[in-house]
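Structural characterization, general
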Amino acid sequence: MRRIVVKFSLLFSIFFLFSSHAVAANSYFGNSSEKFVSGIANAATGWLELPKNVILTGQKEGPVYGITIGLAMGIMHTVGRSLVGVLDAATFFIPTKPSVNPPFIWQDFSRETSY
């Protein structure tokens, strides 16, 4: 009888751990996975900051600024997004929000990146 109770307790514990409440968006697993995925994506797509900043600066200030200042800002944000992406992926077990805003480069492409 004791073995059956232990098996049912173990089975109940497994169902509880994998329930929707345990893996909710604001849980440890949800925040950690969001940080890990955005970190990997930012490390891989950080180079897209270069054309993004050239385009955004060119639209705001004109083509000369877009080619000069936009290129410099693009290089800076490329390095920043890539390094922060690596840092987020490496520290995903600390469940904080992703460090880059917007979290992915393709979310709101017309907004300047902040850290």
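Rules behind the numbers
- Residues numbered from 1 in each chain as written.
- Predicted model: local features only at pLDDT ≥ 70, side-chain atom pairs only at ≥ 80, totals over all residues.
- Heavy atoms only, no water.
- Axes fitted to C-alpha atoms, helices over the stretch in contact; angles between N-to-C directions.
- Helix = DSSP H or I, 4+ residues; strand = E, 2+ residues; numbered from the N terminus.
- Left-handed = near helix turned anticlockwise from the far one by under 90°.
- Contact = heavy atoms within 4.5 Å.
- Nonpolar A, V, L, I, M, F, W, Y, C, P; charged D, E, K, R; others polar.
- Buried < 20%, exposed > 50% of the residue type's maximum accessible area, 1.4 Å probe, protein only.
- Expected span 1.5 Å × (residues − 1).

For the pair helix 3 (residues 49-61) and helix 4 (residues 63-90), the least separation of the axes is 7 Å and the interaxial angle reads 145°. Seen along the crossing, helix 3 lies across helix 4 with a hand that is right-handed. Contacts from E49, L50, N53, V54, T57, G58 and E61 of helix 3 reach helix 4 at P63, Y65, G66, I69, G70, L71, M73, G74, I75, H77, T78 and R81. Class assignment for the residues of the contact of helix 3 with helix 4 results in eight nonpolar, eight polar and three charged.

Moving on: the environment of F36. Here F36 lies in helix 2 (residues 28-45). Using a relative accessible area of 36% as the deciding quantity, one classes F36 as partly exposed. Expressed as a C-alpha distance, the spacing of F36 and A89, which sit 53 residues apart in the sequence, is 4.6 Å. Discounting residues that sit within four places of it in the chain, F36 has contacts with A89 and F92.

Moving on to helix 2. Its 18 residues give helix 2 an end-to-end C-alpha distance of 26 Å, which sits within 8% of 26 Å, the value for a rise of 1.5 Å per residue. Those residues of helix 2 that fall on the buried side of the exposure criterion are G30, N31, S32, K35, S38, G39, A41, N42 and T45.

Right, let's talk about the environment of E112 for a bit. Mapped onto the fold, E112 is located in the segment after helix 4. E112 gets classed as partly exposed once you look at its relative accessible area, which sits at 39%. For the pair E112 and N101, spaced eleven residues apart in sequence, the C-alpha to C-alpha distance is 8.6 Å. Not counting chain neighbours up to four residues away, the residues in contact with E112 comprise L56, K60, M73, H77, N101 and P102.

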